[in-house]
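Reading the structure
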2 protein chains.
Amino acid sequence: MTKRVYNFYAGPATLPLPVLEKAKEEFLDFAGTGMSVIEISHRSKEWEKVMTDATNLIRELMGVPNDYKILWLSGGASTQFFMVPLNLQLPGKAMEYVSTGGWSSKAIKEANIYGEVKIIASSEKENFSYIPKDVEFSEDIAFGHITSNNTLYGTAWGYMPKVPKDVPLVCDMSSNIMDRSIDVKDYGVIYAGAQKNLGPAGVTLVIVREDLLNRVPEHTPTMQKWKIHAENDSLYNTPPVFPIYVCKLALDYMKEIGGVKEINKRNVKKAKLLYDVIDSSDGFYKGHARKDSRSLMNITFTMSSPELEDKCVKGGTARGLIGLKGHRSVGGMRASIYNAMPFEGVKELAEYLKEFQAENQ
Amino acid sequence: MTKRVYNFYAGPATLPLPVLEKAKEEFLDFAGTGMSVIEISHRSKEWEKVMTDATNLIRELMGVPNDYKILWLSGGASTQFFMVPLNLQLPGKAMEYVSTGGWSSKAIKEANIYGEVKIIASSEKENFSYIPKDVEFSEDIAFGHITSNNTLYGTAWGYMPKVPKDVPLVCDMSSNIMDRSIDVKDYGVIYAGAQKNLGPAGVTLVIVREDLLNRVPEHTPTMQKWKIHAENDSLYNTPPVFPIYVCKLALDYMKEIGGVKEINKRNVKKAKLLYDVIDSSDGFYKGHARKDSRSLMNITFTMSSPELEDKCVKGGTARGLIGLKGHRSVGGMRASIYNAMPFEGVKELAEYLKEFQAENQ
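Note that this is a predicted model, so its numbers are computed, not measured. (Residues numbered from 1 in each chain as written. Chains lettered and ligands numbered in written order. Predicted model: local features only at pLDDT ≥ 70, side-chain atom pairs only at ≥ 80, totals over all residues. Heavy atoms only, no water.)

Considering the pattern of salt bridges
Counted according to the given criterion, the structure contains 40 salt bridges over all chains. We note a salt bridge from B:Lys49 to B:Asp53, for which the minimum N-O separation is 2.8 Å. Of the two residues, B:Lys49 and B:Asp53 both sit in helix α2 (residues 45–62), four residues apart, roughly one turn of that helix. Within the structure, one salt-bridge network assembled from shared partners comprises A:Glu262, A:Lys265 and A:Arg266. (Salt bridge = Lys/Arg side-chain N within 4 Å of Asp/Glu carboxyl O. Helix = DSSP H or I, 4+ residues; strand = E, 2+ residues; numbered from the N terminus.)

Some details on the state of the cysteines
Counted by the stated rule, this structure contains zero disulfides over all chains. There is no disulfide at B:Cys247, and the cysteine sulfur nearest it, in B:Cys171, is 18 Å away. (Disulfide = S-S within 2.5 Å.)

A word on the packing of helix α2 (residues 45–62) of chain A against helix α6 (residues 241–256) of chain A
Residues and elements named next belong to chain A. For the pair α2 and α6, the least separation of the axes is 9 Å and the interaxial angle reads 45°. With respect to their mutual orientation, α2 and α6 come out oblique. Here α2 and α6 pass one another in a crossing that is left-handed. Judged by residue contacts, Trp47, Val50, Met51, Asp53, Ala54, Leu57, Ile58, Glu60 and Leu61 of α2 engage Val241, Ile244, Tyr245, Lys248, Leu251, Asp252, Met254 and Lys255 from α6. When the residues that make up the contact of α2 with α6 are grouped by side-chain class, the tally is 12 nonpolar, no polar and five charged. (Axes fitted to C-alpha atoms, helices over the stretch in contact; angles between N-to-C directions. Parallel < 35°, antiparallel > 145°, perpendicular 65-115°, else oblique. Left-handed = near helix turned anticlockwise from the far one by under 90°. Contact = heavy atoms within 4.5 Å. Nonpolar A, V, L, I, M, F, W, Y, C, P; charged D, E, K, R; others polar.)

So, unusual backbone geometry
Residues and elements named next belong to chain A. Residue Pro12 is reached from Gly11 by a cis peptide bond, and omega for that bond is -5°. Looking at the secondary structure, you find Pro12 in the loop between β1 (6–7) and α1 (17–25). At Ala31, a residue that is not glycine, the phi angle is positive and equals roughly 50°.

Observations regarding the nonpolar core
One finds A:Ile58, A:Trp72, B:Ile58 and B:Trp72 to be the most contacted residues of the largest nonpolar core, which totals 124 residues. Filtering out sequence-adjacent residues up to four positions away, B:Ile58 remains in contact with B:Gly63, B:Val64, B:Ile70, B:Trp72, B:Met178, B:Leu198, B:Leu205, B:Ile207 and B:Leu251. (Core = buried A, V, L, I, M, F, W, Y, C linked by side-chain atoms within 4.5 Å. Buried < 20%, exposed > 50% of the residue type's maximum accessible area, 1.4 Å probe, protein only.)

With respect to the pairing of strand β8 (residues 169–172) of chain B
Residues and elements named next belong to chain B. Neither face of β8 is open: one carries Leu169 and Cys171, the other Val170 and Asp172, and all of them are buried. Pairing analysis gives four bridges linking strand β5 (residues 143–147) to β8, with the strands arranged parallel. Bridge assignment links Ile146 to a residue of β8, and that residue is Cys171. The pairing of β8 with strand β9 (residues 189–193) spans three bridges and is classified as parallel. Bridged to Cys171 within β9 is Ile190. (Pairing = 2+ DSSP bridges.)

Concerning the pairing of strand β4 (residues 117–122) of chain B
Residue and element names in this part refer to chain B. Here strand β3 (residues 95–99) runs beside β4; their pairing, made up of five bridges, is parallel. Considered in β4, the bridge of Met95 is made with Val117. Following the backbone out of β3, through helix α4 (residues 102–111) and into the adjacent parallel β4, one traces a crossover that is right-handed. (Right-handed = clockwise from strand over helix to strand, strands pointing away.)

Remarks on the side chain of A:Lys196
Residues and elements named next belong to chain A. Along the chain, Lys196 turns up in the loop between β9 (189–193) and β10 (204–209). Buried within the structure, Lys196 lacks any salt-bridge partner; Asp172 is the closest side chain of opposite charge, at an N-O distance of 8.9 Å. Within the structure, Lys196 has its side chain in polar contact with the backbone oxygen of Ala10 (distance 2.8 Å). Excluding residues within four positions of it along the chain, Lys196 makes contact with Ala10, Gly11, Ala13, Thr151, Ser174, Ser175 and Tyr338. (Lys, Arg positive; Asp, Glu negative; His and termini not counted. Polar contact = N/O pair within 3.5 Å; in protein donor to acceptor, adjacent residues only side chain to side chain.)

Quick word on the packing of aromatic side chains
A complete count under the given rule lists 27 aromatic pairs over all chains for this structure. Summarising the aromatic geometry, the rings of A:Phe81 and A:Tyr191 are spaced 6.3 Å apart at their centres and angled 75° between planes, so their arrangement reads as edge-to-face. Of this pair, A:Phe81 sits in helix α3 (residues 76–88) while A:Tyr191 sits in strand β9, placing them 110 residues apart in sequence. Of the two residues, A:Phe81 and A:Tyr191, both sit in the buried class. Taken together, a centroid distance of 5.7 Å and an interplanar angle of 45° make the contact between A:Phe242 and A:Tyr245 tilted. With A:Phe242 and A:Tyr245 both in helix α6 and three residues apart, the pair spans about one turn of that helix. When sorted by exposure, A:Phe242 lands in the same class as A:Tyr245, which is buried. The structure contains a cluster of three or more aromatic residues connected by ring pairs, namely A:Phe27, A:Phe30, A:Phe242, A:Tyr245, B:Phe27, B:Phe30, B:Phe242 and B:Tyr245. The ring of B:Phe343 is capped by B:Lys269, whose NZ or CZ atom sits 4.3 Å from the centre of that ring. (Phe/Tyr/Trp six-rings, centres within 6.5 Å; stacked < 30°, edge-to-face > 60°. Lys NZ or Arg CZ within 6 Å of the ring centre and 35° of its normal.)

Given below as structure tokens:
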């Protein structure tokens with residue numbers, strides 16, 4: 001078997017090794033059924049237990065209040081980009097978005113199909129290198145929308161925007177869900193593609209306050225209504241079985257190691273290691289995100305030339321530190337260090353970056 | 001490890017054991033990457049090869065002409081129920097459906113959102129026990145739609161309906177794709193949730209003739225346009241990685257055993273074994289589907305009382321023949337014997353049914 005590498009790709013991302021080992025171990029015989037988990041009926045009691053457990057673990061780890069529904073849907077966050085405005089639109093009321101990167105731009109594009117969209121703050125003019133300050137949503141709008149972490153640019157919200165009491169705040173948490181403790185009550189809807197911080201690609205977590213389920217227009221395709229999925233405990237149609245199952249194993253693991261508080265402690269420590277390398281490099285590495293807007297998940301930086309960056313990426317690959325090439329929107333390099341990235345991987349990367357600087361400056 | 005059972009559930013369904021073993025074997029280290037297949041980037045060359053291979057295998061095994069696109073989407077056939085009328089609607093033109101069971105009823109419901117739907121034939125009055133004869137679609141309609149196999153009722157189309165040259169025929173093949181050779185050119189669009197005959201739940205195959213990609217209205221959410229997925233080789237957003245990967249392994253296996261022709265030969269033999277038990281039972285077992293409309297995939301039958309049926313289902317479970325309870329729409333029993341169900345499983349079931357009759361009549 002090839003030596004296990006450290007995977008710094010932006011997603012699909014690394015998963016905890018014990019989770020992968022457990023999935024492998026029981027792959028041919030799930031829960032004593034004599035079948036693989038990908039063969040069992042989604043109406044069987046064994047499968048219902050997987051979904052109930054996964055849902056209860058989200059509720060427990062994130063502290064989701066009882067008046068919120070937890071849904072496991074397919075289609076990725078890209079599908080929620082239109083399902084959010086479709087399900088939350090109110091006739092004659094605007095939808096307000098904050099533009100902080102490529103993903104929020106995509107969300108805004110889809111919302112335009114459903115009504116008036118107002119971009120109330122944007123960092124686009126400075127290549128999305130920061131989170132706008134003092135953001136305040138208006139009274140009397142359908143909803144407000146933010147993207148809590150911006151994978152491409154390496155920024156994250158470090159404060160809560162001001163939201164009028166009756167306005168639901170919607171948040172795309174795809175790239176940093178559970179990277180820190182949050183108060184779910186601050187949000188009307190939280191959504192997240194699983195493939196960065198929760199599990200494998202193919203399933204999307206949606207947490208939605210119950211009173212928001214009834215806004216959706218009647219003549220909407222069944223599969224596009226959160227309400228239908230909520231009423232059917234995400235079993236209206238055959239769910240993406242294996243991705244949900246692996247999320248459940250990963251959530252078990254997160255609970256075992258101490259929950260979100262412990263995960264956050266580790267994340268802060270991991271991110272500091274890399275930001276310290278950047279900040280003490282005398283400009284050899286230039287961080288893209290402003291210090292007050294730095295992400296714990298995606299560390300973006302550039303160097304003095306594309307040739308040097310390329311050399312650094314290749315040297316990393318040779319040492320088993322893979323996926324370090326930055327997204328084209330920022331260029332340079334990006335290290336994605338999601339919840340499941342072990343401290344050892346980040347430590348190896350930090351050491352490599354210091355060595356690389358010593359040899360190449 | 002528990003003894004492997006024979007799984008007669010309607011789906012998710014049994015998969016070939018060598019496919020499961022291969023997936024297990026390489027689960028921690030895919031293609032020498034030092035990562036699990038669920039961890040690798042969907043933009044990596046290793047992943048692109050999986051998708052290209054899966055697509056090429058579909059093209060080869062089904063004989064898909066070059067002017068058809070092959071898409072791997074999420075959301076199940078239930079999502080295609082609205083994506084079909086959305087992508088194929090033509091202003092002022094009707095959409096014609098044949099109503100042959102629960103799934104086609106659901107497809108019809110979604111189409112009603114997009115325009116005038118005409119049900120040109122239906123077997124609903126006789127509890128969907130047959131496929132209507134001499135079906136002929138009208139000139140000058142947006143498209144015609146059929147469901148090739150009806151999972152709940154155990155019926156399948158045994159002939160091609162008449163379709164005017166310029167009308168695209170759309171077919172939901174979720175429950176019998178590749179159970180026999182077809183001529184793809186007879187169809188404008190073929191779609192199938194993977195979890196019965198292709199692989200695990202979480203991915204849907206859509207085969208669409210290229211000239212049909214441009215009908216979709218411009219102001220449609222990006223994720224709902226086949227055209228976008230076609231232009232991006234199903235990589236517009238992160239695809240459901242693991243389900244596609246297992247489909248690829250299953251397609252490799254199907255090719256290895258001789259392709260669709262051989263699979264059909266085995267399916268005919270398997271189905272005959274069970275229909276012969278029913279037909280020679282002197283009415284102890286009553287087949288639900290008319291003989292001319294029988295499915296090769298789902299064998300539905302009832303007995304003289306629910307108590308007897310229940311006893312038979314329980315006796316089967318005790319022998320490792322599981323999932324035999326019929327759907328509530330027909331009652332009684334149902335044996336789903338998809339492509340991957342081994343002959344030995346069907347043989348054991350046939351023997352059990354004969355024994356059960358001898359002991360209980």
